[in-house]
Structures are given as C-alpha cells and as structure tokens.
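Secondary and tertiary structure notes
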Amino acid sequence: TGATTTVTTADSSSESGLKLPNYLCLKFERAIRTKGKDHMQCQLIPLHSSFFSVSGSPETDSTAVAKPALDSDGIKTFYKIISSYKLSFLELDNSQESPDINVDDVVLNMEGGPYQEYFFIEIPCLVMNSNPSTSSNPSSYALYNRRFLYVEHQNQSIETGSSNKQQFPMHLGLEIAACISKQPHRSNWKNCILSTEEEMRLVESLKEQFAPFEFL
C-alpha cells in the first residue's frame, strides 16, 4: 500500500542519514495496544559498533546464508532483558532474513495468527571474517542483522500457549538500546531530557545532516 511504501522509504532514508563512522543502527518497531490506545512507532538508534562485535568466523548453512557463530554483547544484553520480563521472542529464520523484510506480512501469516500486536527488533552483528579463502583481508568484518519478533494474541505466548498476565513493557526498545550502550539509566525517557537550547541545536544539526536524504 501507499502507507507501507512511505514508511519503508522513510526508514531507509533515515538509516542512510544515520550512517556514521564506527556506528550501527539498532532498529525496532512497536505496535502494541494499551487501555484502548494504539502505540505504533519505528525507531532507529545509532550505537557504537563495538557493542555489536564478535570474534570468530560466521557459520554458513546449505542455503549459503551466513549467521554469526557467537553472540555479541548486544545480543546477550537483549536475551538478558527479555528473559527478565519472561517474554518469548521468535528469531526469524534464514528464509525470512532479507534487507527488505516486511514485518506486517510475517506477523499476519504466522501460525496461530493473524496477530495485530507485535514488537520487532533488528540487532546488527559484526563478525570477524577469519577465512582467507573468502576475503582478501582475513581480519575484515562481515555485517549481519539478527531479527527477533514478539507477538501476543489474547494474552497468550505464541511459543508456549501459556497465559501471560504481565503487561508488555512499553519502554522495552529504549531499555535494550540503553543497556547495550552501557547507559541503563537512559531506559527511562525522563533521564534523556535535554534543555530547550540543546534540543534546538540538535534539531538544526539533524536538519542539515538529513537534508540529502529528504524523500517527501
């Protein structure tokens, strides 16, 4: 649809504008309903690449789609946080792993669906390519994105079918980003408030930075 195309274009343009040296984007989408209100948003948060680096060679399956052999600190932090909330996430398999993945299609066509509420997160992973036969630079890094999806329907987990009485943590994406960047206090948006002057300075800076990627 036109709306999907606009959102996809905005996402791509924003990610291009956030490509900074030694930084990678953590991406998450939230479509959750609370007390009759819908909370729908997409967020891109640039974090230093050191938080997503792992050692070792990628493992390659029969479809020639490589996956990281080890978890980065970012992935470990993600697992720790969702475990603390007793949330079950599904990692999208290789056949669904593509740059132009349509989360809506995945959610609507999942077994037990269609689901209306979801939380999707994409975590970058830098893996050292130590195989000389696949790279002219044995110490180079290969970038992979690991994608995880949570859906909830009538308060039941898609993996266990058990009742999940705990309210979904609306700050989950921000908490994951804050903890990955070693700034857990910023999980609360109130701890991210800037002065009016600083906000105005950042707005002007962002306008200039994103001008080449304006799509409207």
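Everything in this summary refers to the structure shown in the same document. (Residues numbered from 1 in each chain as written. Predicted model: local features only at pLDDT ≥ 70, side-chain atom pairs only at ≥ 80, totals over all residues. Heavy atoms only, no water.)

What follows covers the packing of aromatic side chains. A full pass over the atoms with the stated rule returns nine aromatic pairs. Here F78 and Y79 contribute two aromatic rings whose centre-to-centre distance is 5.5 Å and whose plane-to-plane angle is 55 degrees, an arrangement assigned as tilted. Relative accessible area serves as the criterion here: at 0%, F78 is assigned to the buried category. Accessibility expressed as a relative area gives 33% for Y79, which makes it partly exposed. Between Y150 and F168 the ring centres are 5.2 Å apart and the planes differ by 35 degrees, which places this aromatic pair in the tilted class. One end of the pair, Y150, is in strand β8 (residues 141–153); the other, F168, is in the loop between β9 (156–157) and α4 (172–180), with 18 residues separating them in the sequence. The same class applies to Y150 and to F168, which are both buried. (Phe/Tyr/Trp six-rings, centres within 6.5 Å; stacked < 30°, edge-to-face > 60°. Buried < 20%, exposed > 50% of the residue type's maximum accessible area, 1.4 Å probe, protein only. Helix = DSSP H or I, 4+ residues; strand = E, 2+ residues; numbered from the N terminus.)

This part is about α4. In an α-helix, one full turn covers 3.6 residues, which means residues spaced three or four apart are oriented alike. Among the nine residues of α4, seven are classified as buried, and the element is accordingly described as predominantly covered. Three or more residues of α4 are buried, namely L172, G173, E175, I176, A177, A178 and I180. Phi turns positive one or two residues past the end of α4, at K182, with a value near 65 degrees.

Function cannot be inferred from these measures alone, as they are strictly geometric.
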